[in-house]
Amino acid sequence: MALFRFPSEPPSRPLIRTQNLYLRAPQASDYSAWAVLRIESRDFLTPWEPTWNEDDLTRTSFRLRAKRAAREIASDEAYSLFIFEAHTEALLGGLTLGLIRRGVAQACTLGYWMGKRHAGRGHMAEAVRGAVRFAFSELALHRVEAACLPNNEPSRRLLERVGFQHEGLARAYLKINGVWADHLLYALLSGDALPGGKP
């Protein structure tokens, strides 16, 4: 059952706040900052993401992305959020609690990306900790799952540092940069202790 009901416009208030960050749905006014960050980070992100569409960075595509995010939040299907530094309000990257399954599963899948100039500063670990606390407390989920490429050492270290447990290998799990790739599977349960405290 969805805990938030929003109209077709993306919710403007932050859904998640941490010590140094806030996370909220994308807004139309975010387009320029998002496009600049994605363009300058393209080579950095390409090895870890699905192939970008030709129109991926257009304003029209972004507007559709924001509307879809608002619909999915309203229907409790997914929470696609931008990550901002609280002090400067700079856009750092994005994080999604997606593929929400209710019923007997009460689970979701975590995905994330960080702009190149903001990587390696601990922002994503803080954002992920805030997101999993939100998933367990506000969304009443039981399980948050994540997957990463075996050679993505920064992502592996991040998940393990936050408390995710390695559960196995999924063959040809996701099509990344045009190729079906194996992924390491991780999960965190609502009863697991997070470094720095319980979820």
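These numbers were taken from a predicted model, which means no experiment stands behind them.

## Quick look at a positive patch on the surface
In step 1: A cluster of basic residues, Arg59, Arg63, Lys67, Arg68 and Arg71, forms a positive patch at the surface.
In step 2: By the element assignment, Arg68 lies in helix 3 (residues 59-74).
In step 3: Residue class for Arg68 comes out partly exposed when judged on its relative accessible area of 38%.

## Focus on the pairing of strand 4 (residues 91-101)
Here is the key point about a regular strand: its side chains alternate between the two faces of the sheet.
In step 1: Counted residue by residue, strand 4 has eight buried out of 11 residues, so it is predominantly covered.
In step 2: Note: strand 3 (residues 79-85) against strand 4, six bridges, orientation antiparallel. Its bridge partner lying in strand 4, Ser80 is registered against Thr96.
In step 3: Pairing of strand 4 with strand 5 (residues 107-114), which is carried by seven bridges, proceeds in the antiparallel orientation. Along strand 5, the bridge assignment pairs Leu97 with Leu110.
In step 4: Counting the residues that bridge the hairpin from strand 4 to strand 5 gives five residues, and of these Gly103 lies at a positive phi of roughly 65 degrees.

## Considering the pattern of salt bridges
Two side chains of opposite charge can pair, provided their charged atoms sit close to one another.
In step 1: Counted under the stated rule, the structure contains nine salt bridges.
In step 2: Here Arg24 and Asp30 are joined by a salt bridge, their closest N and O atoms 2.7 Å apart.
In step 3: Judged by relative accessible area, Asp30 falls into the buried class, the value being 7%.
In step 4: For Arg143, the salt bridge is made with Glu145, and the minimal N-O distance between the two is 2.7 Å.

## A closer look at helix 1 (residues 31-40)
In step 1: Among all positions of helix 1, only Tyr31, Trp34, Ala35, Leu37 and Arg38 are buried. Taken end-on, helix 1 shows its buried residues confined to a sector of 165 degrees, consistent with a single buried face.
In step 2: The secondary structure elements touched by the buried residues of helix 1 are helix 2 (42-45), helix 3, strand 3, strand 4 and strand 5.

Rules and cut-offs
Residues numbered from 1 in each chain as written. Predicted model: local features only at pLDDT ≥ 70, side-chain atom pairs only at ≥ 80, totals over all residues. Heavy atoms only, no water. Patch = residues over 30% accessible without salt bridge, like charges linked within 9 Å, V, L, I, M, F, W, Y side chains within 5 Å. Areas by Shrake-Rupley, 256 points an atom, 1.4 Å probe, with all protein chains shown as cover. Salt bridge = Lys/Arg side-chain N within 4 Å of Asp/Glu carboxyl O. Lys, Arg positive; Asp, Glu negative; His and termini not counted. Charge placed at Lys NZ, Arg CZ, Asp CG, Glu CD. Helix = DSSP H or I, 4+ residues; strand = E, 2+ residues; numbered from the N terminus. Buried < 20%, exposed > 50% of the residue type's maximum accessible area, 1.4 Å probe, protein only. Pairing = 2+ DSSP bridges. Arc of directions from axis to C-beta. Contact = heavy atoms within 4.5 Å.

These figures capture arrangement, not role.
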